[in-house]
Amino acid sequence: LAYSRKGKSMAAGPGAVSADADAGLAGANVVRLSDVEPEPVRWLWPGRIATGKLTLIAGDPGLGKSFLTLDIAARVSTGASWPDSPKARFDPGDVVLLSAEDDVADTIRPRLDAAGADVSRIVAIDAVRALDKNGKLSARPVDLSQDVQYVEAAMDQLVKAKLVVVD
């Protein structure tokens, strides 16, 4: 279905691209929802954390958000049950951690050990090696606006990546 509004061509339908896109211009991909087949949501933690979706845990500092995400990582690494389903276990998976606040050796690893994590299934990206403005290789903190490919590469190295925690 194509129509014109104020002299601009627009297209709708699955995989539809506006006529402007053929001319090398960016445009919206419009999908008519009657053409979309509904699918069930897949869950990592049923009813709480969906697989392949973004989940935010937000709150004021000091409330335990980092502690909670490490508990979730520990459960994913072992397949341990969730707090609201103590008898339900699941296939364990691998985890990628990015933390801008906590040290891997004195905070993250001890918390994971205390939570019973299988730390062989968890990796942390604590820095990115990149060339600086002088062409010298140096390490810098992860910046998701330019380093997503490094997170993806870490996931690709894991056998069964199930969770990425950005803290």
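Described below are features of the structure shown in this document.

The rules we used
- Residues numbered from 1 in each chain as written.
- Predicted model: local features only at pLDDT ≥ 70, side-chain atom pairs only at ≥ 80, totals over all residues.
- Heavy atoms only, no water.
- Core = buried A, V, L, I, M, F, W, Y, C linked by side-chain atoms within 4.5 Å.
- Buried < 20%, exposed > 50% of the residue type's maximum accessible area, 1.4 Å probe, protein only.
- Helix = DSSP H or I, 4+ residues; strand = E, 2+ residues; numbered from the N terminus.
- Contact = heavy atoms within 4.5 Å.
- Pairing = 2+ DSSP bridges.
- Axes fitted to C-alpha atoms, helices over the stretch in contact; angles between N-to-C directions.
- Parallel < 35°, antiparallel > 145°, perpendicular 65-115°, else oblique.
- Left-handed = near helix turned anticlockwise from the far one by under 90°.

Turning our eyes to something else, we now look at the nonpolar core. One finds Ile-72, Val-76, Val-95, Leu-97, Leu-112 and Leu-163 to be the most contacted residues of the largest nonpolar core, which totals 17 residues. Put simply, the parts of the chain that give this core at least two residues each are strand S3 (43-45), helix H2 (65-78), strand S5 (94-98), helix H3 (104-114) and strand S9 (161-166). If we ignore the near neighbours within four places in the chain, the residues touching Val-95 are Ala-73, Val-76, Arg-121, Ile-122, Val-123, Leu-158 and Leu-163. With six residues, the next largest nonpolar core counts Val-96, Leu-98, Ala-154 and Leu-158 among its residues.

Moving on to the environment of Asp-118. With respect to the helices, strands and loops of the structure, Asp-118 is situated in the loop between H3 and strand S6 (122-124). When sequence neighbours within four positions are dropped, the list of residues in contact with Asp-118 reads Ser-77 and Thr-78.

In this section: the sheet that holds S5. Strand order in the open sheet formed by three strands is S6-S5-S9, and the pairing between neighbours is parallel. A strand with exactly one partner marks an edge of an open sheet, and here the two such strands are S6 and S9. Neighbouring strand axes in the sheet, compared pairwise and without regard to direction, differ in orientation by 15° on average. In the sheet, S5 pairs with S9 via five bridges, with the strands oriented parallel. Residue pairing in the sheet places Asp-94 in a bridge with Ala-161 of S9.

Attention now goes to the packing of H2 against H3. Any two packed helices are characterised by the angle at which their axes cross and by the distance between the axes. Two elements in contact, H2 and H3, have axes whose closest approach is 9 Å; the angle formed by their N-to-C orientations is 50°. The angle between H2 and H3 falls in the class oblique. Our pair here, H2 against H3, has a crossing hand that is right-handed. Counting all contacts with H2, which are made through Ser-66, Phe-67, Leu-70, Ala-73 and Ala-74, the residues of H3 involved are Ile-108, Arg-111 and Leu-112.

In short, geometric facts, not functional conclusions.
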